[in-house]
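# Close look at the chain arrangement
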Amino acid sequence: MYDLNDMYLFAKVVEQGGYSAAARHLGMQVSRLSRRISELESSLGVRLLNRTTRKISMTDVGNTFYQHCIALVAEAQAARDTIDRTRAEPQGLVRLSCPVGLLHSHVATIVTRFLLAKPLVRVHVEATNRRVDVVEEGFDIALRVRSLPLEDSNLAVRLLANTELILLGSPGLFALHGKPQQIADLSRFPTLSMTRPGDKYLWQFTKPDGGVEAVAHQPRLATDDFVTLRRAALNGLGITYLPKFMVQEDLASGALEHVLPELAIPQGVVHALFPSRRGLVPAVRDFIDALVEGFAAGEQALLQ
């Protein structure tokens, strides 16, 4: 196939009325421009221009070809204008993957406020706890909650917040079994847990003296959804650990109680993954910034 740039050059020669004027307009040598048009004619197998020493004119087929060339140039300019508008002002679609619990606790509010502030942007959220393939499935951003250290990835990462995990249960559960006073007491309680690879369920705690102790358990309920764990804990089904930001109201109301607060559970990290930091359109870049600001504001609220 011939070079589409030659169609552009041909259109400019016609518009400028000759090779010399077109060459000056394009900033190229007359000889090079003339050679490109000649090569275009050779590739097409027809003469497009009649040349004299004083002027040029189009052949009949050249005139027909010119109409297609100017349409191509107009479409190319329209495509460039579209990109320029997208880069100048946030607009278009942002596709986001987000864990269900995170969406309910923080992200839904951030998305709503962002859309109110950016009227030309649309956001499609897939609420899922599965591990999505960001590139393969065409997501602009995927939010995840993982324990440190984060796994190696070819994706760009933006840290949003640390998640303090706490062990808790309901007053109803403790009325039946008593309230744990030490780690050994956990063995007589039903437990709830996030799913783990290979069905190996082990809670690891750091004691005040810095020592680490692990507790193996077999949960009555295992799921990949923090929201389901919270509901089960509220109904007295067992002890579990949850991100503190998810249960602030439950702790304040007494619906859930923090147990063994002297024990520390390894923190998780909320982070955003996206294909690359380079070439981010404004809508995606601004939404990532909105996530950072939204989580920072949420953490400040928890500290007050």
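Note that the structure is a prediction, hence the values are computed from the model and not measured.

Conventions and cut-offs
- Residues numbered from 1 in each chain as written.
- Predicted model: local features only at pLDDT ≥ 70, side-chain atom pairs only at ≥ 80, totals over all residues.
- Heavy atoms only, no water.
- Helix = DSSP H or I, 4+ residues; strand = E, 2+ residues; numbered from the N terminus.
- Expected span 1.5 Å × (residues − 1).
- Bend = angle between axes of the 7 residues up to and from the residue.
- Pairing = 2+ DSSP bridges.
- Contact = heavy atoms within 4.5 Å.
- Axes fitted to C-alpha atoms, helices over the stretch in contact; angles between N-to-C directions.
- Polar contact = N/O pair within 3.5 Å; in protein donor to acceptor, adjacent residues only side chain to side chain.
- Buried < 20%, exposed > 50% of the residue type's maximum accessible area, 1.4 Å probe, protein only.
- pLDDT = per-residue confidence, 0-100.
- Left-handed = near helix turned anticlockwise from the far one by under 90°.
- Nonpolar A, V, L, I, M, F, W, Y, C, P; charged D, E, K, R; others polar.

### Some thoughts on helix α5 (residues 100-117)
A rise of 1.5 Å per residue sets the reference length of α5, with its 18 residues, at 26 Å; its end C-alpha atoms lie 24 Å apart and thus fit the reference within 8%. Taking the largest bend as the criterion, α5 deviates by roughly 55°, centred on His106.

### Considering the sheet that holds strand β13 (residues 257-258)
If you trace the three strands from one edge of the open sheet to the other, you get β12-β7-β13, paired in antiparallel fashion. The open sheet has two edge strands, β12 (240-243) and β13, and neither has a second partner. Taken together, the four bridges between strand β7 (residues 165-169) and β12 define a ladder with antiparallel strand orientation. Each bridged residue has a counterpart across the sheet, and for Leu165 the counterpart in β12 is Pro243. Taken strand by strand, helix α7 (residues 226-234) contacts β7 and β12, and its axis lies near 130° from that of β12.

### A short note on the side chain of Thr240
Tracing the backbone shows Thr240 in strand β12. Here the side chain of Thr240 touches Leu192 through a polar contact of 2.9 Å, landing on its backbone oxygen. Leave out the neighbours within four places in its chain, and Thr240 touches Ile166, Leu167, Leu168, Leu192, Ser193, Trp203, Leu229 and Ala233.

### A look at the pairing of strand β9 (residues 202-206)
Here β9 shows one buried face, formed by Trp203 and Phe205, and one open face, formed by Leu202, Gln204 and Thr206. Across five bridges, β9 lies against strand β10 (residues 212-216) in antiparallel orientation. From the neighbouring strand, Phe205 faces β10, where its bridge partner is Glu213. Counting the residues that bridge the hairpin from β9 to β10 gives five residues, and of these Gly210 lies at a positive phi of roughly 90°.

### Remarks on the environment of Ile166
If you trace the backbone, Ile166 turns up in strand β7. A C-alpha to C-alpha distance of 13 Å links Ile166 and Phe226, two positions 60 residues apart in sequence. Not counting residues within four places of it along the chain, the set of residues in contact with Ile166 comprises Thr240, Tyr241, Leu242, Lys244, Val247, Leu251, His258 and Ile265.

### Structural notes on the confidence of the model for the protein chain
Predicted coordinates in regions of low pLDDT should not be interpreted in detail. Per-residue pLDDT for the protein chain averages 85, and the proportion of residues at 70 or more is 90%. pLDDT under 50 marks residues 300-304. Its contacts with residues more than four places away, or in other chains, come to two contacts.

### Some remarks on the environment of Asn129
Along the chain, Asn129 turns up in the loop between β4 (121-127) and β5 (141-147). With a relative accessible area of 25%, Asn129 lands in the partly exposed category. Excluding anything up to four places from it in sequence, Asn129 contacts Pro99, Val100, Asp224 and Asp225.

### A word on the packing of helix α1 (residues 4-16) against helix α3 (residues 30-44)
Each packed pair of helices is defined by two parameters, the angle between the axes and the distance between the axes. One can describe the packing of α1 onto α3 by two numbers: an axis separation of 10 Å at closest approach and a directional angle of 115°. As for how α1 packs across α3, the hand of that crossing is left-handed. In contact with Asn5, Asp6, Met7, Leu9, Phe10 and Val13 of α1, α3 contributes Leu33, Arg36, Ile37 and Leu40. Among the residues making up the contact of α1 with α3, the classes are represented as seven nonpolar, one polar and two charged.

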